[in-house]
Amino acid sequence: MEELLEALKRANGKIDYLSSNKLVTDKIIDSIDITSILAELEETFDIEISMEYIVPENFDSVEAMWEMVQELKD
Amino acid sequence: MKRSINKIHVIKTVAFLLIFVLLLGSVTDILQPKWIDGTSVTFVQENFYKEKKNSIEVAVLGSSQLVYGISSMRLLENYGISAYSLATGEQPVLCGYFYLREMARSQNIKTVIYDVSMLYEEEQESRFRKTIDTAPMSRNKLWMILEHRNLSFAESARTYFFPIMKYHSRWEELEEMDYHYADLNTEVFKGNIMSPIASQKINYEKLCVDNDEIDASITMDESELHYFREMVQYCKEQNIELILIKTPKTTWTKSAMVGVEALAEEYQLPYMDFNTAELLEASGIDIEKDFWNQDHLNIRGAEKLTDYMAEYLLANGTYTDGRNTEAYDEEEVRKYYIDRENKYLQTSNSLEDVMTALKNDRYEVVMQLTGDIASHWNENTQQLLEELGVSVNMAELQNAPFIGQYKNGNRFYEESQEKEFTHEGTFSNGTAYEATSNPSGNEMETGAKIAGEEIGFQKKGLNFCVYDTVNNKLVDNFTLYYDEDRGDFNIYRYRES
Amino acid sequence: MTFIEMQFFVFLFAAAVIFYICPVKHRWKVLLGASIVFYAIAGIKYLPFILFTSFTVFLAGRKMGHIYEEMEQHLLEENLDRKAKKEIKEQAKNRCKKAMLAALLCNLLILIIVKFTKFAVNPINDLLTALGQEGNFSAAYIIVPLGISYYTFSCLSYLLDVYWKREEYENNYARFLLYAIYFPHILQGPIERYGRLGKRLKGEFLFDYDRVCAGLQLMVWGIFKKLVIADRINLFTTAVYEKGSQAEGLIYVFAFFLDVVYIYADFSGCMDIARGASQIFGVELDLNFNHPFASKSVTEFWRRWHMSLGSWFKDYVYYPISTSKFVKNVAKSCKKHLPDAVTRSIVTAIPVTVTWVATGLWHGTGVTYLAWGLYYAFMIFMSVSFGDLFHNLALKLKINTQCWSYKVFQMVRTTCIFAGGRLLTRPGTLGLSWHALKSALLQFNPWVLTDGTLYEFGLSRSNFNLMLVTVVLFGGISILQQKGSVRDMIAKQNLAVRWGIYFAAIFSILIFGIYGSGYDASSFVYMAY
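Residues numbered from 1 in each chain as written. Chains lettered and ligands numbered in written order. Predicted model: local features only at pLDDT ≥ 70, side-chain atom pairs only at ≥ 80, totals over all residues. Heavy atoms only, no water.

**Let's talk about the overall build of chain A**
Part 1 of the argument: The helix and strand inventory of chain A stands at 4 helices and 0 strands.
Part 2 of the argument: Compactness check: chain A gives a C-alpha radius of gyration of 11 Å against a globular reference of 11 Å for 74 residues, within 12% of the reference.
Part 3 of the argument: Taking the principal axes of the C-alpha coordinates as reference, chain A spans close to 30 × 20 × 20 Å.
Part 4 of the argument: When burial is assessed residue by residue, chain A has 54% of its 74 residues classed as buried.
Part 5 of the argument: At a minimum sequence separation of 6, the contacts of chain A that also span at least 24 residues come to 54%.
Part 6 of the argument: On chain A, roughly 3,800 Å² of surface is accessible, and the fraction owed to carbon and sulfur atoms is 45%. (Helix = DSSP H or I, 4+ residues; strand = E, 2+ residues; numbered from the N terminus. Rg over C-alpha atoms; globule rule 2.2 N^0.38 Å. Buried < 20%, exposed > 50% of the residue type's maximum accessible area, 1.4 Å probe, protein only. Contact = heavy atoms within 4.5 Å. Areas by Shrake-Rupley, 256 points an atom, 1.4 Å probe, with all protein chains shown as cover.)

**Comments concerning the interface of chain A and chain C**
Part 1 of the argument: On the side of chain C, 20 residues touch chain A, which itself brings 21 residues to the contact.
Part 2 of the argument: For chain A, the biggest contributors to the area lost against chain C are A:Ile32, A:Met51 and A:Glu52; these three give 34% of the whole.
Part 3 of the argument: Inspection of the region where chain A meets chain C yields 3 salt bridges.
Part 4 of the argument: A:Glu52 is the partner of C:Lys93 in a salt bridge, and the nearest nitrogen-oxygen pair spans 3.2 Å.
Part 5 of the argument: Summed over the shared surface of chain A and chain C, the number is 5 residue pairs in polar contact (both at pLDDT 80 or more).
Part 6 of the argument: Every element with two or more residues in the side of chain A that touches chain C is listed here: α1 (2-11) and α2 (31-45) of chain A.
Part 7 of the argument: Among the elements that make up the side of chain A that touches chain C, the one with the highest residue count is α2(A) (8 residues).
Part 8 of the argument: Tallied by class, the residues present in the side of chain A that touches chain C amount to 7 nonpolar, 4 polar and 10 charged. (Buried area = accessible area lost by both parts, 1.4 Å probe. Salt bridge = Lys/Arg side-chain N within 4 Å of Asp/Glu carboxyl O. Polar contact = N/O pair within 3.5 Å; in protein donor to acceptor, adjacent residues only side chain to side chain. Nonpolar A, V, L, I, M, F, W, Y, C, P; charged D, E, K, R; others polar.)

**Comments concerning the sheet that holds strand β15 (residues 462-468) of chain B**
Residues and elements named next belong to chain B.
Part 1 of the argument: Taken together, 6 strands build an open sheet; the order of strands is β10-β9-β8-β15-β16-β17 and the sheet is antiparallel. The sheet is open, and its two borders are formed by β10 (410-416) and β17 (488-492), each paired with just one other strand. In this sheet, neighbouring strand axes are inclined to one another by 15° on average, regardless of whether the strands run parallel or antiparallel.
Part 2 of the argument: Relative to β10, strand β9 (residues 402-407) is paired through 6 bridges, and the arrangement is antiparallel. Across the sheet, Tyr 406 pairs through a bridge with Arg 411, a residue of β10.
Part 3 of the argument: The strands touched by helix α16 (residues 330-346) are β8 (363-369), β15 and β16 (473-483); relative to β16, the strand with the most contacts, the crossing angle is about 20°.
Part 4 of the argument: Here helix α17 (residues 351-358) sits on the sheet and contacts β8, β15, β16 and β17; the angle it forms with β8, its principal contact strand, is near 140°. (Pairing = 2+ DSSP bridges. Axes fitted to C-alpha atoms, helices over the stretch in contact; angles between N-to-C directions.)

**Remarks on the interface of chain B and chain C**
Part 1 of the argument: Contacts between the two partners involve 46 residues from chain B, matched on the other side by 33 residues from chain C.
Part 2 of the argument: Together chain B and chain C conceal approximately 3,500 Å² of surface at their shared face, both sides included; 66% is due to carbon and sulfur atoms.
Part 3 of the argument: Between the two partners, chain B and chain C, sit 0 salt bridges.
Part 4 of the argument: Broken down by secondary-structure element, the contributors of at least two residues to the side of chain B that touches chain C are α1 (7-31), α3 (64-69), α6 (125-134) and α9 (164-167) of chain B.
Part 5 of the argument: At 11 residues, α1(B) tops the list of elements feeding residues into the side of chain B that touches chain C.
Part 6 of the argument: Taken together, the residues that form the side of chain B that touches chain C break down as 18 nonpolar, 14 polar and 14 charged.

**Quick look at the domain arrangement of chain C**
Residue and element names in this part refer to chain C.
Part 1 of the argument: Examined at the domain level, chain C breaks down into domain 1 (6-206), domain 2 (208-285 + 427-529) and domain 3 (296-419).
Part 2 of the argument: Computed over C-alpha atoms only, the centres of domain 2 and domain 3 are separated by 31 Å.
Part 3 of the argument: Listed per partner, the contact involves 9 residues of domain 2 and 9 residues of domain 3.
Part 4 of the argument: Carbon and sulfur atoms supply 93% of the area buried between domain 2 and domain 3, which totals about 690 Å² over both sides.
Part 5 of the argument: Put simply, domain 2 and domain 3 have 0 salt bridges between them.
Part 6 of the argument: Linking domain 2 with domain 3 are 0 residue pairs in polar contact (both at pLDDT 80 or more).
Part 7 of the argument: The element best represented in the side of domain 2 that touches domain 3 is helix α10 (residues 250-281), accounting for 6 residues. (Domains from an automatic or database assignment.)

**Overview of the packing of aromatic side chains**
All names here are of chain B.
Part 1 of the argument: A complete count under the given rule lists 85 aromatic pairs over all chains for this structure.
Part 2 of the argument: Between Phe 274 and Tyr 308, the ring centres sit 5.4 Å apart and the planes meet at 85°, which makes this aromatic pair edge-to-face. Remark: Tyr 308 occurs in helix α15 (residues 299-316) and Phe 274 occurs in the loop between β5 (271-273) and α14 (277-283); sequence separation between them is 34 residues.
Part 3 of the argument: For Phe 274, a relative accessible area of 0% gives the class buried. (Phe/Tyr/Trp six-rings, centres within 6.5 Å; stacked < 30°, edge-to-face > 60°.)

**Points about the nonpolar core**
Part 1 of the argument: Core analysis: the largest hydrophobic core is formed by 186 residues, its most contacted members being A:Leu41, C:Phe8 and C:Phe281.
Part 2 of the argument: No other element matches the 19 residues that α10(C) contributes to this core.
Part 3 of the argument: Of all hydrophobic cores here, the second largest spans 88 residues; its members include B:Phe43, B:Val67, B:Ile132 and B:Tyr271. (Core = buried A, V, L, I, M, F, W, Y, C linked by side-chain atoms within 4.5 Å.)

**Observations regarding the packing of helix α12 (residues 222-238) of chain B against helix α13 (residues 254-267) of chain B**
Residue and element names in this part refer to chain B.
Part 1 of the argument: Put simply, α12 and α13 touch, their axes get as near as 12 Å, and they point 30° apart. The angle between α12 and α13 places the two elements in the roughly parallel class. The hand of the α12/α13 crossing is right-handed. Residues Leu 225, Phe 228, Arg 229, Val 232 and Lys 236 of α12 form the contact with α13, whose participating residues are Leu 263, Glu 266 and Tyr 267.
Part 2 of the argument: Residues belonging to the contact of α12 with α13 are distributed by class as follows: 5 nonpolar, no polar and 3 charged. (Parallel < 35°, antiparallel > 145°, perpendicular 65-115°, else oblique. Left-handed = near helix turned anticlockwise from the far one by under 90°.)

**Notes on the confidence of the model for chain C**
Part 1 of the argument: Here chain C averages 88 in pLDDT, and 96% of its residues register 70 or above.
Part 2 of the argument: Of the two predicted TM-score estimates for the complex, the pTM is 0.86 and the ipTM is 0.89. (pLDDT = per-residue confidence, 0-100.)

**Here's the deal with helix α2 (residues 27-42) of chain C**
Part 1 of the argument: Here α2(C) spans 23 Å end to end across 16 residues, near enough to the 22 Å set by a 1.5 Å rise per residue.
Part 2 of the argument: Along α2(C), the residues classified as buried are C:Arg27, C:Trp28, C:Val30, C:Leu31, C:Leu32, C:Ala34, C:Ser35, C:Phe38, C:Tyr39 and C:Ala40. (Expected span 1.5 Å × (residues − 1).)

**Re the side chain of B:Ser138**
Part 1 of the argument: Relative to the helices and strands, B:Ser138 resides in the loop between α6 and α7 (139-148).
Part 2 of the argument: The residues contacting B:Ser138, other than those within four sequence positions of it, are B:Phe98, B:Glu102 and B:Arg105.

**Some remarks on the sheet that holds strand β12 (residues 432-437) of chain B**
All names here are of chain B.
Part 1 of the argument: The sheet built from 4 strands is open, its strands ordered β11-β12-β13-β14 with antiparallel pairing. Of all the strands in the sheet, just β11 (421-426) and β14 (453-456) have a single pairing partner and so form its edges. Pairwise comparison of adjacent strand axes, ignoring direction, gives a mean angle of 20° for this sheet.
Part 2 of the argument: Where β12 meets strand β13 (residues 447-450), 3 bridges bridge the pair, whose relative direction is antiparallel. Across the sheet, residue Ala 435 finds its bridge partner in β13, namely Ala 448.

**With respect to the pattern of salt bridges**
Two side chains that carry opposite charge are able to pair once their charged atoms sit near each other.
All names here are of chain B.
Part 1 of the argument: Applying the stated criterion across every chain, the model contains 49 salt bridges over all chains.
Part 2 of the argument: A salt bridge links Lys 34 to Asp 178; the nearest nitrogen and oxygen atoms lie 3.3 Å apart. Within this pair, whereas Lys 34 is found in the loop between α1 and α2 (41-50), its partner Asp 178 is found in helix α10 (residues 176-179), the two being separated by 144 residues in sequence. Asp 178 shares its class with Lys 34; the two are buried.
Part 3 of the argument: Within the structure, one salt-bridge network assembled from shared partners comprises Glu 125, Arg 129, Asp 133, Glu 155 and Lys 166.

Shown next, in the form of structure tokens:
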């Protein structure tokens, strides 16, 4: 989890990722942020996030992102 | 959640639609142009639908030739013939035919007097519009719209059913007239309008076609001819007598007349062409006094043509005397006579005719001397003036400044001074006027003022203002002057071109 | 058939009547039939195109669906280790990829050919003459099926959603065709996803008087925006941008901003007509606009303007490119030699540029649209890369970024950027755009506001003033809309007020709408005959 938050901070340090569980739906993070997040997550966790996973539900909250990362690690 | 339509919904929807239709009608009426100048299609039509049913036996149809060229009121008043004119400016034959059908629907039409000018004219959409858009919806209108659609320039059908689609952009030019115009309807009597202008420029040779050369290239318009034939057929079926005439106009030609003669022969229809020496003589139409312009008669000419037609009608048919029926409208007749008197005055272009017309207690005259009248003055003109009430001898006056006020032989004011002067006076009904006399002045523009309004003459001589003291209107203003070309005194009226 | 023709209203009425007469469970078929009829009326020769696209995508979707189902079965049944599972997934994906690519490429190809063939006219004619034939191939031969840009994108969104396992595949072609050809959205969008519109088209279609009325009201508002506001402004801007017009300085400034209102009124008006019509049947269409001029940045603007398009390009172009191997490789190599911030810029620039150039070319073909795409790519790139810098600069200069006037400044700035984009495409050539911009910036002629020059460009004084009034009205209603549905606000009033407003709106359209052949008073002048 710590790792995740650090990676997110590297992608865009200005956003408080814990403040909401509707980060994408409420437009707190936009598509450009998501691109940066994807790059960071892929590098940090050595995973490949394919298009199937790039849906709002997976990025709306830190928990959702963590779940996705776990799934992809398998 | 309402899952089906219930009564309230239906009532609301129907009510909404009804109000919409009503509003649409009112809005369309306001936006649609009112054709109330010229041949006044709007008033001519509207007045017709107010006529009592089965009170009309003669229909007058055709172009403006007959709007101005015949007096249906005179046919009624002087001969008892009940006529109505639905002639309109540049009327396409299809529209004339439509009007005939409308008239036949609610009236006892026995005879149609039809002017044949339009047979040779190409059609234009605007001419149809004036008829179609003014007519109220009826079976005949529906028929006319469907027929009209065959023409290449006809517009989309929906614009005839919903004229608002064509005229809505008029919103930015709406005037008071668009909202109420009924009180502007003062000159139309049984569909005819009499012209108050007398032109002195008609050339007899141009008018009379007898000596014209035939020009083979003059042919009838196919579409007009087609509907003419249908109209003839209709008249035969309905047992209506169709009389073809051609009112006198300088642009008519022998070729055109010959073409109509052939048609008349084909269908055995009577045809009277007033552009021939024979009929000009028989009707007594005078090119000096009876024409409005190159193509139309004025009130004097129209009444002569009316008299001729009346004799023909009475000799060839029987008509119910319209003067004894319920439909006889005394108020309308009263207004007709006032209009007639005014227009006879307005078309008087000799001092004699003027004096005849001024023998009327409605007319009060203000006279002002603004130019040379003494040089050619003679006894005849002096006597005529004295009929009005003038007591000064113009020859003796020697063009000294002079102003007078008279009515039908009565003198209210008369003054002459050495130098130019202005007189402020009142007519016998209290209306104020102002006149200036300055015969030696250089001003071409001479004027008077009545009730504060300026009146122009544009000519120097003896200026007359004729005021109707009963109806409070200026009826006429003209100048008596010596016309060098004619070697006689003439009447000049300023017309804006 | 466009949305503002009489034909359309007659058609809509007939469709609605048949729809509600029909028993509930067959009503979707009426929609399908009506949509096919609508499309055929627009041009029966276009029909094969949409049938081909929808059918190929449908088949590909079904094939992929089956493959994935098989794959799921496979994964459950046997006892497999992680590696085997991965292999099965890869295999399935590869097989699906073939199906997906086949459908994707042939339909994209059709779209590209249809849109770009007009540029090939001259080369083709040259070729024909070289071969000794007559070179009379012209753009008139090219068929452009109705709504091809919209339905192609809709179908491709379904194709990719199934491929990426975001959507269940549709087994019934009739249902899928309805989604593709559904007439309210075929003309100008919005571009709907199958998961949303497809689902709504399977709903229970029940009659609701209030809903039908609301739909009609929305249509009236849409028609008002288009016929009264937009088409009137268009008369002015067309006259200003005409070759050889006498426009100078402030006239151009007027045109720039009126043009922005024009495109908004026109486009959102059409959207309202589509949404309102769809509402009559009980099918909700997505919003395509969300108070775009309240945006404070360009990126925000494109989340509020033509939302369905922006969202489509984001999901199907931007993300795939930014997560593609190519971009990842570029990122890797950049990271080795360049600072992080620069790498990030480059990595962002690639998908942004591609997305925006594609968006530009989707709107229209030609240099102007290419320029438009590059313009926005640049603007967004600047906003993303330097947005923070500007913000910090503002703070340093002690400019209050939270107050109301700063927010207004941001909105005006965004509107100006949008106006700049319009300036690239509206006049017709880049040369004209440049001329207009130069004149606006260099010539200051305030006297045109009072000496009547304003009324010499397609609109008389009354019409020009009416235009301004309607623009203000439009602004007012838009602001009111931010508080809630205006239709609902009106519905709460008493009957006389409600109906007064409805009649006023309808008659405003009938009287002030720009339609019909017009009335030339001079042709009616009576020539004494």
